[in-house]
Amino acid sequence: MVTRIKSIYLYLKNKGKAVHSTELAEEFGYASRTIQRDLKTLEYNNLVKSTGKGKWVVT
């Protein structure tokens with residue numbers, strides 16, 4: 001789980017722009033709900049934030 005969350009964070013950081021959660025699900029091959037939970041974990045730790053409508057950026 002930690003490796004998956006770290007991979008998502010690094011993907012967002014390298015993209016440098018808002019990424020939709022469905023793009024992350026397709027990129028990593030996980031269910032959308034799993035990606036959403038991981039993003040909420042990252043958000044809780046102030047590492048990412050939602051820009052609205054499922055798009056996320058690194059803070």
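Scroll up for the structure.
Keep in mind that what you see is a predicted model, and the values were worked out from it rather than measured. (Residues numbered from 1 in each chain as written. Predicted model: local features only at pLDDT ≥ 70, side-chain atom pairs only at ≥ 80, totals over all residues. Heavy atoms only, no water.)

Undergrad: Give a detailed account of unusual backbone geometry, specifying residues and quantitative values.
TA: The backbone of N46 sits at a positive phi, close to 60 degrees, despite the residue not being glycine. Note on placement: N46 falls in the loop between α3 (32–44) and β2 (48–52). A relative accessible area of 60% means that N46 is categorised as exposed. One non-glycine residue, K53, lies in the positive phi region at around 50 degrees. Note that K53 resides in the loop between β2 and β3 (55–58). (Helix = DSSP H or I, 4+ residues; strand = E, 2+ residues; numbered from the N terminus. Buried < 20%, exposed > 50% of the residue type's maximum accessible area, 1.4 Å probe, protein only.)

Undergrad: Just give me the short version of the pairing of β2, but keep the residues and values in it.
TA: Judged from the 4 bridges that link them, β2 and β3 form a sheet pairing that is antiparallel. Paired with K49 across the two strands is V57, which belongs to β3. Joining the antiparallel neighbours β2 and β3 is a turn of 2 residues, in which K53 adopts a positive phi near 50 degrees. (Pairing = 2+ DSSP bridges.)

Undergrad: Which residues make up helix α2 (residues 21–28), and what are the values?
TA: Those residues of α2 lying buried are S21, L24 and A25. For α2, the arc enclosing every buried residue in end-on projection is 100 degrees, short of the 170-degree limit, so these residues lie on one face. Summarising the contacts, the buried residues of α2 are in contact with α1 (2–15), β1 (19–20), α3 and β3. Just beyond α2, the residue with positive phi is G29, at close to 75 degrees. (Arc of directions from axis to C-beta. Contact = heavy atoms within 4.5 Å.)

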